[in-house]
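Listed here are the chains, written in short residue letters.
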Amino acid sequence: MTEKPTYVTHLECGLTGEDDYAPDVIHGLSRAGRPLLVRYDLETMAQDLDRDAIWARGGGFWKWRELLPVRKTRDVVSLGEVDTPLIPLAHVSRDLGAASPVLVKDEGRLPTGSFKARGLALAVSMAKALGVDKLAIPTNGNAGAAMAAYGAAAGMTSYVFCPDDTPEANVREIALQGAKVWRVNGLINDCGKIVGGGKDATGWYDVSTLKEPYRIEGKKTMGLELAAQLGWTLPDAIFYPTGGGTGLIGMWKAFDEMEKLGWIGAKRPKMFAVQAEGCAPIVRAFEAGERHAELWEDAHTYAAGIRVPIAVGDFLILDAVRASGGAAMAVSDDAIEEARRAAGTRDGMLLCPEGAATLAAYQRALAAGQVTPSDRVVLFNCGSGLKYPMPDIAGLLDRHKPIDYQALMNG
Ligand SMILES: *Cc1c(COP(=O)(O)O)cnc(C)c1O
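In every chain, residue numbers begin from 1 and rise along the written sequence. Predicted model: local features are reported for residues with pLDDT of at least 70 only, side-chain atom pairs are reported and counted for 80 or more only, and whole-chain, interface and lining totals are derived from all residues. Just so you know, side-chain values use all the structure's heavy atoms and leave hydrogens and water out.

1. A closer look at the overall build of the protein chain
Here is step 1 of the chain: Per the convention used, a helix needs a DSSP run of H or I reaching at least four residues, while a strand needs a run of E reaching at least two, with both numbered from the N terminus. A tally of helices and strands in the protein chain yields 15 helices and 12 strands.
Here is step 2 of the chain: Within the protein chain, buried positions represent 57% of all 411 residues.
Here is step 3 of the chain: Of the contacts formed within the protein chain by residues at least 6 apart in sequence, a portion of 70% connects residues at least 24 apart.
Here is step 4 of the chain: For the accessible areas, the method is Shrake-Rupley and the probe is 1.4 Å, while residue cover comes only from the protein chains on display. In the structure as shown, the protein chain presents an accessible area of about 16500 Å², 52% of it carried by carbon and sulfur atoms.
Here is step 5 of the chain: Charged residues are defined here as Lys and Arg on the positive side and Asp and Glu on the negative side; His and the ends of the chain fall outside this count. By convention, the point assigned to a charge is CZ for Arg, NZ for Lys, CD for Glu and CG for Asp. Each charge sign in the protein chain was given a centre, from 44 positive and 51 negative side chains, and these centres are 3 Å apart. Think of it in three bands: residues with accessible area under 20% of the maximum for their type are buried, residues over 50% are exposed, and the middle band is partly exposed, with areas taken using a 1.4 Å probe on protein chains only. It only takes one pair of heavy atoms within 4.5 Å for two residues to be counted as in contact.

2. Considerations on the sheet that holds strand β10 (residues 270–276)
Here is step 1 of the chain: Following DSSP output, two strands are said to pair if at least two bridges run between them. Pairing is mixed in the open sheet, where 6 strands are placed in the order β3-β4-β12-β9-β10-β11. Lying at the two open borders of the sheet, with one neighbouring strand each, are β3 (86–88) and β11 (327–331). With direction set aside, neighbouring strand axes in the sheet form an average angle of 25°.
Here is step 2 of the chain: Sheet topology places strand β9 (residues 237–241) next to β10; 5 bridges connect them, and they run parallel. Within β10, the residue paired with Ala 237 across the bridge is Lys 270.
Here is step 3 of the chain: Taken strand by strand, helix α12 (residues 314–324) contacts β10 and β11, and its axis lies near 130° from that of β10. Interaxial angles span 0 to 180 degrees and are taken between N-to-C directions of axes, which are lines fitted to C-alpha atoms, for helices over the stretch in contact.

3. Some details on the nonpolar core
Nonpolar side chains in soluble globular proteins tend to be buried together.
Here is step 1 of the chain: Nine residue types can take part in a nonpolar core, namely buried Ala, Val, Leu, Ile, Met, Phe, Trp, Tyr and Cys, and a core is a set of them joined through side-chain atoms within 4.5 Å. Within the largest apolar cluster, 93 residues are counted, with the highest numbers of intra-cluster contacts made by Trp 64, Leu 67, Leu 135, Tyr 240, Trp 263 and Phe 380.
Here is step 2 of the chain: No other element matches the 8 residues that helix α4 (residues 116–129) contributes to this core.
Here is step 3 of the chain: Once you skip the residues sitting within four places of it in the chain, Trp 263 turns out to touch Leu 49, Arg 51, Ile 54, Trp 64, Leu 67, Trp 232 and Met 258.
Here is step 4 of the chain: Formed by 33 residues, the second largest nonpolar core is a distinct cluster that contains Val 92, Ala 276, Ala 342 and Ala 356.

4. Description of the sheet that holds strand β6 (residues 157–163)
Here is step 1 of the chain: The 4 strands lie next to each other as β7-β6-β5-β8, forming an open sheet whose pairing is parallel. The two strands at the open ends of the sheet, each matched to only one other strand, are β7 (180–184) and β8 (205–206).

5. Describing the packing of aromatic side chains
Here is step 1 of the chain: Note on aromatic contacts: the rings of Phe and Tyr and the six-membered ring of Trp form a pair at centre separations within 6.5 Å, being stacked when their planes are under 30 degrees apart, edge-to-face when over 60 apart, and tilted otherwise. Following the criterion strictly, the structure yields 12 aromatic pairs and no others.
Here is step 2 of the chain: With a centroid separation of 6.1 Å and an interplanar angle of 50°, the aromatic rings of Phe 115 and Tyr 240 are classed as tilted. With Phe 115 in the loop between β4 (103–106) and α4 and Tyr 240 in strand β9, this pair connects stretches of sequence that are 125 residues apart. There is no split in this pair, since Phe 115 and Tyr 240 are both buried.

6. Considering the pairing of strand β5 (residues 134–138)
Here is step 1 of the chain: Most of β5 sits inside the fold, with 4 of its 5 residues counted as buried.
Here is step 2 of the chain: With 5 bridges joining them, β5 and β6 adopt parallel strand pairing. Across the sheet, residue Ile 137 finds its bridge partner in β6, namely Val 160.
Here is step 3 of the chain: Crossovers are described as right-handed under a simple rule: with the strands pointing away from the observer, the path leading from the first strand over the helix to the second runs clockwise. Crossover connection from β5 via helix α5 (residues 142–153) to parallel β6: handedness right-handed.
Here is step 4 of the chain: Sheet analysis places β5 next to β8, joined by 2 bridges and oriented parallel. Residue Ala 136 lies in a different strand from β8, and its bridge partner there is Asp 206.

7. A short note on the site of the ligand
Here is step 1 of the chain: One heavy atom suffices: a residue is near a molecule or strand as soon as one of its heavy atoms comes within 4 Å of it. Near the ligand lie 18 residues; those nearest to it are Lys 116, Asn 142, Tyr 240, Gly 243 and Gly 245.
Here is step 2 of the chain: Contact between the ligand and Thr 246: an oxygen atom at 3.1 Å from a main-chain N or O atom of the residue.
Here is step 3 of the chain: Gly 247 is positioned such that a nitrogen or oxygen atom in its backbone is 3.0 Å from an oxygen atom of the ligand.
Here is step 4 of the chain: For the ligand, the accessible surface in isolation is 390 Å², of which the surrounding protein chains cover 96%.
Here is step 5 of the chain: Elements represented by at least two residues in the shell around the ligand include exactly β9 and α10 (246–260). Contacts described as polar in this section are N or O atom pairs within 3.5 Å, which, within protein, must combine one atom able to donate a hydrogen with one able to accept it, while residues neighboring in sequence count only if both atoms come from side chains.

8. Considering the environment of Met 409
Here is step 1 of the chain: Mapping Met 409 onto the fold places it in helix α15 (residues 405–410).
Here is step 2 of the chain: Measuring from C-alpha to C-alpha, the distance between Met 409 and Asp 20 comes to 69 Å, with 389 residues separating the pair along the chain.

9. A few points about a nonpolar patch on the surface
Here is step 1 of the chain: A grouping of Leu 397, Ile 403, Tyr 405, Leu 408 and Met 409 is seen on the molecular surface, where their side chains present a nonpolar patch of about 560 Å² in accessible area.
Here is step 2 of the chain: Along the chain, Leu 397 turns up in the loop between β12 (377–381) and α15. Patches in this entry comprise residues that are over 30% relatively accessible and not in a salt bridge; like charges within 9 Å are linked, as are nonpolar side chains (Val, Leu, Ile, Met, Phe, Trp, Tyr) within 5 Å. By definition, a salt bridge exists where a carboxyl oxygen of Asp or Glu is found within 4 Å of a side-chain nitrogen of Lys or Arg.

10. Overview of the pattern of salt bridges
Here is step 1 of the chain: Tallying each qualifying case throughout the model produces 32 salt bridges.
Here is step 2 of the chain: Close ionic contact of Arg 307 with Asp 165 constitutes a salt bridge, the shortest N to O distance being 2.8 Å. Remark: Asp 165 occurs in the loop between β6 and α6 (168–176) and Arg 307 occurs in the loop between α11 (281–288) and α12; sequence separation between them is 142 residues.
Here is step 3 of the chain: Classification of Arg 307 by relative accessible area gives buried; the value is 9%.
Here is step 4 of the chain: Owing to a relative accessible area of 48%, Asp 165 belongs among the partly exposed residues under this scheme.
Here is step 5 of the chain: Ionic pairing is found between Glu 259 and Arg 268, a salt bridge with its closest N-O pair at 2.6 Å.
Here is step 6 of the chain: A residue is classified by how much of its surface remains accessible, and Glu 259, at 32% relative accessible area, is partly exposed.
Here is step 7 of the chain: The network of salt bridges with common partners includes Lys 105, Glu 107, Arg 118 and Glu 225.

11. Regarding α11
Here is step 1 of the chain: Those residues of α11 not exposed but buried are Pro 281, Ile 282, Val 283 and Ala 285.
Here is step 2 of the chain: On its buried face, α11 sits against β10, α12 and β11.

12. Topic: the pairing of strand β2 (residues 36–40)
Here is step 1 of the chain: Taking burial as the measure, the 5 residues of β2 include 4 buried ones, the bulk of the element.
Here is step 2 of the chain: Where strand β1 (residues 8–13) lies against β2, 5 bridges are found, and the strand directions are antiparallel. Opposite Val 8, over in β2, you have Tyr 40 as the bridge partner.

Now the structure itself:
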């Protein structure tokens, strides 16, 4: 990779708009206790950059270097990223009466099997550029795995705290990717308190969702990639499984930046923030007309990645959803599992539970007329379905007995 010009001018508070945060120094939250957003010299970028030349580079999200904050190539930490495919759910879409198949953007193809690779690659690379050598994170699994992997590749030490019922594959991959990992008897926000509380004693950098400014920039690449894949247009609707909301916020930021660069027009997709009925703080705030979401007590859902009882970027999620004409929707764990089964058995697409939640939500939105059968719809499958427990529905066969093949075929 050769050096590329970079265009970061400053950072600003996502809530107050205060814009006196310098680039190239370590930041956490803004003075208002809210996420910081990275700003670029979009005017110069519009003159310098050619969208098609960048897209033609191939490879994964590091191709967007000039739209990202990492200044020096030596700080780029890479594990072989790819552009993630858009896969049509042909049979399920026909079953639901859609005019053309809904598309699944399968983020499970990224390093460590989830889209957390996008955010954490940026966070770790920026931490490296700023001289950080110890990272800590609260996680429901995938963020910790991505931070551990990119942190190991960068030669850093990682400390990871996850709820004790985090999917087993996650906990073990985190350790095998070089991090120190603890199971904590609480939820992700309890883990977050442990990370925040240890900053002075340990000197580690807090990489919690939206508490450092660069994960959003990584997630932004989903929006850039999606627009390029659709010939520099955007779909009519996007269904996104929403925990901390980094991806939804990041894509919305990408759309805005691309419009200012003259790469796309003003049309935006309806953004649907999908949560589980057992943990739906954003949905509750959306329905109440609030801009901030209160802590959700006793959060539970087997879609671990969206079990996030409180989000520091709540207003950024809600603003985007409202501005887009979309909605925040909650679906039940039963509906999630049913959607997961349908996508797998009908279309050969093994979704993670969070991805399946978007299919369940799409089905509801279609029935309610919030999207039409002819709308072009993209669902986000944010992680590999292989990381999660699956129902055991295999039969048992005794090879010492005669095999009744007719019974096998009918069984
Ligand atoms: C983290 C995660 C989410 C939620 O993503 P946010 O951008 O933090 O809202 C959804 N699905 C999976 C599989 C995840 O790992």
